[in-house]
Protein chains: 2
Amino acid sequence: MNLVCLDMEGVVAPEIWIEFAEAAGIPELRLTTRDEPDYDKLMKYRIDILRQHDLKLAQIQEVAGKLEPLPGAREFLDELRTFCQVVILSDTFEETASGLFAKLGYPTVFCNNLIVNDEGYVVDYNMRIKEGNTKTPTVQAFMGVGMKVFASGDSYNDLGMIQAADHGCLFKTTDAIKADLPHVTAVESYDELMAQIKEAFGVK
Amino acid sequence: MNLVCLDMEGVVAPEIWIEFAEAAGIPELRLTTRDEPDYDKLMKYRIDILRQHDLKLAQIQEVAGKLEPLPGAREFLDELRTFCQVVILSDTFEETASGLFAKLGYPTVFCNNLIVNDEGYVVDYNMRIKEGNTKTPTVQAFMGVGMKVFASGDSYNDLGMIQAADHGCLFKTTDAIKADLPHVTAVESYDELMAQIKEAFGVK
């Protein structure tokens, strides 16, 4: 059985933290995994900045709830789901991203959770997998139960799963990442990504 | 992150082989995993009977394509997907069940594949996992990558996953299976199943 594992932010949805940084007028929150490969460092930095600005989860949710999938993303996913299985593998947080899940047609998502205190402040986060990359072992687990996996994403935290999967490619990534992985195909549009997936799975 | 793993046939969709047995007028094809726990024995028996009656995959697909989800199943899944993740774990075959996937709103499905020869006859089948039960190791794999799993199904091949998962219950099963697992909750309706899931995941 064929399964596509896709990163969410930057692939089918905007980067929630960047959008929130814009809305809240806090440029320090613009950093993503494309800039900072150490996710724990990035998240602790974000949580500190939220607290410094007295911002609660509800205020992130208010901005995130208004976000739309990237243009063409819903149609891309809808077509994909007619001929193979899809799981979104994201290091986003269910608490901020669930509005986007709905707008993407509720694909299955494996992501993480925020820890919020009684006053509504984000105080910590809970990664599905405590040590190391969350996506690579997940792809390996799917392959271990007989799925043939095509993986795609745009960021540092996607490189492991792309290389671990049966097939994969980079999607709208940076020049720095392309240079790090010159042997991996890099595509720039949903049409190209769809063509890569269909070719890998032998779908006409 | 919370994930519900559901059996398909008998839980959200009719038993495809039973429906085909009726349509083709072949009562021997009515046997399911509820009657015959040895799936390999069951499938070889089915393939032999198809061949004896000169029936091709296309003829099963014609019947299966007209099947509808069980009453209330689509609404049940739609509600479920608003507050947790869902993966259908089925020993059905993609080639015969894909029409039902569409009518269920394309939940993610992990199932198996039929092997069809050039003339269109089913000659064999390919289980995702070659030895033993396919569902139990899949639930264990999901739990191994940090998902909190609730599993439910109606048949012998669901008992392993229900017991391996963090939470689970039987759904519209037989008296024989209930007697085998007296310590496992057995429910008879989507309302009851939804209540079990919400309680397990602490959802109001």
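Source: prediction; values computed, not measured. (Residues numbered from 1 in each chain as written. Chains lettered and ligands numbered in written order. Predicted model: local features only at pLDDT ≥ 70, side-chain atom pairs only at ≥ 80, totals over all residues. Heavy atoms only, no water.)

A. Highlighting the overall build of chain A. Within chain A one finds nine helices and seven strands. Relative to the 2.2 N^0.38 estimate, which gives 17 Å for 204 residues, the radius of gyration of chain A is 17 Å and therefore close to what a compact globule would have. Taken over the C-alpha atoms alone, chain A extends approximately 50 × 30 × 30 Å along its principal axes. Taken over 204 residues, chain A has a buried fraction of 55%. The long-range share in chain A, meaning contacts at least 24 apart out of those at least 6 apart in sequence, stands at 58%. When the accessible surface of chain A is totalled, it reaches about 8,400 Å², and 48% of it is carbon and sulfur. Charged side chains in chain A number 19 positive and 33 negative. The centres of these two groups are separated by 3 Å. (Helix = DSSP H or I, 4+ residues; strand = E, 2+ residues; numbered from the N terminus. Rg over C-alpha atoms; globule rule 2.2 N^0.38 Å. Buried < 20%, exposed > 50% of the residue type's maximum accessible area, 1.4 Å probe, protein only. Contact = heavy atoms within 4.5 Å. Areas by Shrake-Rupley, 256 points an atom, 1.4 Å probe, with all protein chains shown as cover. Lys, Arg positive; Asp, Glu negative; His and termini not counted. Charge placed at Lys NZ, Arg CZ, Asp CG, Glu CD.)

B. Molecular detail of the sheet that holds strand β2 (residues 85-93) of chain A. All names here are of chain A. The mixed open sheet is built from seven strands, whose spatial order is β4-β3-β2-β1-β5-β6-β7. Each edge of the open sheet carries a strand with a single partner, namely β4 (122-126) and β7 (186-187). In the sheet, strand β1 (residues 2-6) pairs with β2 via four bridges, with the strands oriented parallel. By the bridge assignment for β2, Leu 3 is matched with Gln 85. (Pairing = 2+ DSSP bridges.)

C. Representation of the interface of chain A and chain B within the structure. Contact with chain A, which involves 27 residues of that partner, is made by 27 residues of chain B. For the chain A and chain B pair, buried surface summed over both sides reaches about 2,200 Å², with 59% attributable to carbon and sulfur atoms. For the chain A face of the interface with chain B, the top three residues by lost area are Met1(A), Tyr106(A) and Val145(A), together amounting to 30%. Connecting chain A to chain B are zero salt bridges. Taken together, the links from chain A to chain B amount to 11 residue pairs in polar contact (both at pLDDT 80 or more). Only β2, α5 (94-103), β3 (108-116) and α6 (135-144) of chain A provide two or more residues apiece to the side of chain A that touches chain B. (Buried area = accessible area lost by both parts, 1.4 Å probe. Salt bridge = Lys/Arg side-chain N within 4 Å of Asp/Glu carboxyl O. Polar contact = N/O pair within 3.5 Å; in protein donor to acceptor, adjacent residues only side chain to side chain.)

D. Summary view of the environment of Ala200(A). Residues and elements named next belong to chain A. Positionally, Ala 200 belongs in helix α9 (residues 190-201). For Ala 200, a relative accessible area of 18% gives the class buried. When the C-alpha positions of Ala 200 and Glu 15 are compared, they lie 28 Å apart, and in sequence the two are 185 residues distant. The contacts of Ala 200, once residues within four sequence positions are left out, are Lys 148, Phe 150 and His 167.

E. Summary view of the pattern of salt bridges. One pass over the full model with this rule turns up 18 salt bridges over all chains. Residues Glu22(A) and Arg30(A) are paired through a salt bridge, measuring 2.1 Å at the closest nitrogen-oxygen approach. On the basis of relative accessibility, which here comes to 36%, the residue Arg30(A) falls in the partly exposed class. Between Lys135(B) and Asp158(B) there is a salt bridge, with its nearest N and O atoms 2.6 Å apart. With Lys135(B) in helix α6 (residues 135-144) and Asp158(B) in the loop between β5 (148-153) and α7 (159-164), the pair connects residues that are 23 residues apart, well separated along the chain. Connected through salt bridges with shared partners, the residues Asp7(A), Lys135(A) and Asp158(A) form a single ionic network.

F. Inspection of the sheet that holds β5(B) at higher detail. Residues and elements named next belong to chain B. If you walk across this open sheet you meet the seven strands as β4-β3-β2-β1-β5-β6-β7, and the pairing is mixed. For this open sheet the edge positions go to β4 (122-126) and β7 (186-187), each flanked by a neighbour on one side alone. Bridge count for strand β1 (residues 2-6) against β5 is five bridges, and the pairing is parallel. The residue bridging Cys 5 from the neighbouring strand is Ala 151, located in β5.

G. Highlighting the confidence of the model for chain A. Looking at chain A as a whole, the pLDDT averages 95, with 100% of positions reaching at least 70. Scored as a whole, the predicted complex attains pTM 0.95, and scored at its interfaces, ipTM 0.94. (pLDDT = per-residue confidence, 0-100.)

H. Examining unusual backbone geometry more closely. Unlike most non-glycine residues, Lys172(A) shows phi in positive territory, near 40°. Lys172(A) sits in the partly exposed class, given a relative accessible area of 38%. In this structure, Asp54(B) takes a positive phi of about 60° despite not being glycine. As for its position among the elements, Asp54(B) is in the loop between α2 (39-52) and α3 (57-64).

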